[in-house]
Amino acid sequence: MTARTESSVTAADEAPPELFMRGLVGHALKRAHHHLHSEAGRQLEGLGLRGATFSALSVICDRPGLRQGELAELLSAERSNIVVTVEALESAGLVVRHRIEDDRRVWQLHPTEAGRALCARANAEMRALEDRLLRGLNGRDKARLISLLERIAPPEG
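Quick caveat: nothing in here was measured; it's all calculated off a predicted structure.

(A) View of the nonpolar core. Counting 25 residues, the largest nonpolar core has L44, L49, L57, I60, L71 and L89 as its most contacted members. If you list the elements that add at least two residues to this core, you get α1 (25–45), α2 (51–62), α3 (68–74), α4 (79–91) and α5 (113–133).

Structural data, given as structure tokens:
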């Protein structure tokens, strides 16, 4: 058997070079987001919701009576997109809009009984999904991850 010379080593024999992107936080966040978001989308679809409608319904149930503009701020969403989302929730019978007496241009949002029930079910399913997807993290790890992410992008309201 003959010894291999350096020049005879093939590319297949060498370890692939480390990818620059794997050292970037933004890339890791994007990959994690994509994984969580796509799994959540499949789960929510079974409830008749999308990510945007679930997020809006959850916030409305947590803060009944909030104004439509406040919802947009809390979700970091464009007001025009919130209008479409709220209309979808309203037509599904999950929320109702009420005009504010002293400013008829402003809508307050309230969940219906059906909206509260669906929200409770969706919240439970999202919690179970996250627990499954993040099973490698203990409670302290999850809290630390959220804390670190909020240092990058502080939550609204």
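(B) Representation of the environment of A114 within the structure. For A114, the position within the fold is in helix α5. Contacts of A114, omitting those with residues within four sequence positions, involve G93 and L94.

(C) View of the packing of α2 against α5. The contact between α2 and α5 brings their axes to 10 Å, and the two run at 115 degrees. Taken together, the axes of α2 and α5 are roughly perpendicular relative to one another. Here α2 and α5 pass one another in a crossing that is left-handed. In this structure, α2 uses F54, L57, S58 and C61 to contact α5, whose residues at the interface are G115, R116, L118, C119, A122, N123 and M126. Of the residues contributing to the contact of α2 with α5, the split by class is seven nonpolar, three polar and one charged.

(D) Structural detail: helix α6 (residues 139–152). The end-to-end C-alpha distance of α6 is 20 Å, a good match for the 20 Å that 14 residues give at a rise of 1.5 Å each. N-cap assignment for α6: the residue whose side-chain oxygen lies 3.0 Å from the backbone N of R140 is N138.

(E) Seen up close, the pairing of strand β1 (residues 95–100). Relative to strand β2 (residues 103–111), β1 is paired through six bridges, and the arrangement is antiparallel. Looking at β2, one finds that V95 is bridged to P111. Between β1 and β2, which pair antiparallel and follow one another directly, the connecting turn spans two residues.

(F) Structural context of the side chain of T85. You can see T85 is positioned in helix α4. Discounting residues that sit within four places of it in the chain, T85 has contacts with A52, T53 and A56.

(G) Molecular detail of the environment of E73. Secondary-structure assignment places E73 in helix α3. Ignoring anything within four residues of it in the chain, the contact list for E73 reads R79 and E156.

(H) Structural context of a nonpolar patch on the surface. Nonpolar side chains collect at one region of the surface, where V25, L29, L145, L149 and I152 lie side by side and expose about 420 Å² of accessible area between them. When residues in the nonpolar patch are grouped by element, the largest group, three residues, is from α6. As for its placement among the helices and strands, L29 is situated in helix α1.

(I) Broad picture of the layout of surface pockets. In this structure, the largest pocket occupies an estimated 2000 Å³ of space. The element that contributes the greatest number of residues to the lining of the largest pocket is α1, accounting for nine residues.

Parameters at a glance
Residues numbered from 1 in each chain as written. Predicted model: local features only at pLDDT ≥ 70, side-chain atom pairs only at ≥ 80, totals over all residues. Heavy atoms only, no water. Core = buried A, V, L, I, M, F, W, Y, C linked by side-chain atoms within 4.5 Å. Buried < 20%, exposed > 50% of the residue type's maximum accessible area, 1.4 Å probe, protein only. Helix = DSSP H or I, 4+ residues; strand = E, 2+ residues; numbered from the N terminus. Contact = heavy atoms within 4.5 Å. Axes fitted to C-alpha atoms, helices over the stretch in contact; angles between N-to-C directions. Parallel < 35°, antiparallel > 145°, perpendicular 65-115°, else oblique. Left-handed = near helix turned anticlockwise from the far one by under 90°. Nonpolar A, V, L, I, M, F, W, Y, C, P; charged D, E, K, R; others polar. Expected span 1.5 Å × (residues − 1). Polar contact = N/O pair within 3.5 Å; in protein donor to acceptor, adjacent residues only side chain to side chain. Pairing = 2+ DSSP bridges. Patch = residues over 30% accessible without salt bridge, like charges linked within 9 Å, V, L, I, M, F, W, Y side chains within 5 Å. Areas by Shrake-Rupley, 256 points an atom, 1.4 Å probe, with all protein chains shown as cover. Salt bridge = Lys/Arg side-chain N within 4 Å of Asp/Glu carboxyl O. 1 Å grid on protein atoms, 1.4 Å probe; cavity = no way out; pocket = protein on both sides within 12 Å on 5 of 7 lines; lining within 4 Å. Points joined across faces, edges and corners; volume = space filled by probe spheres on them.

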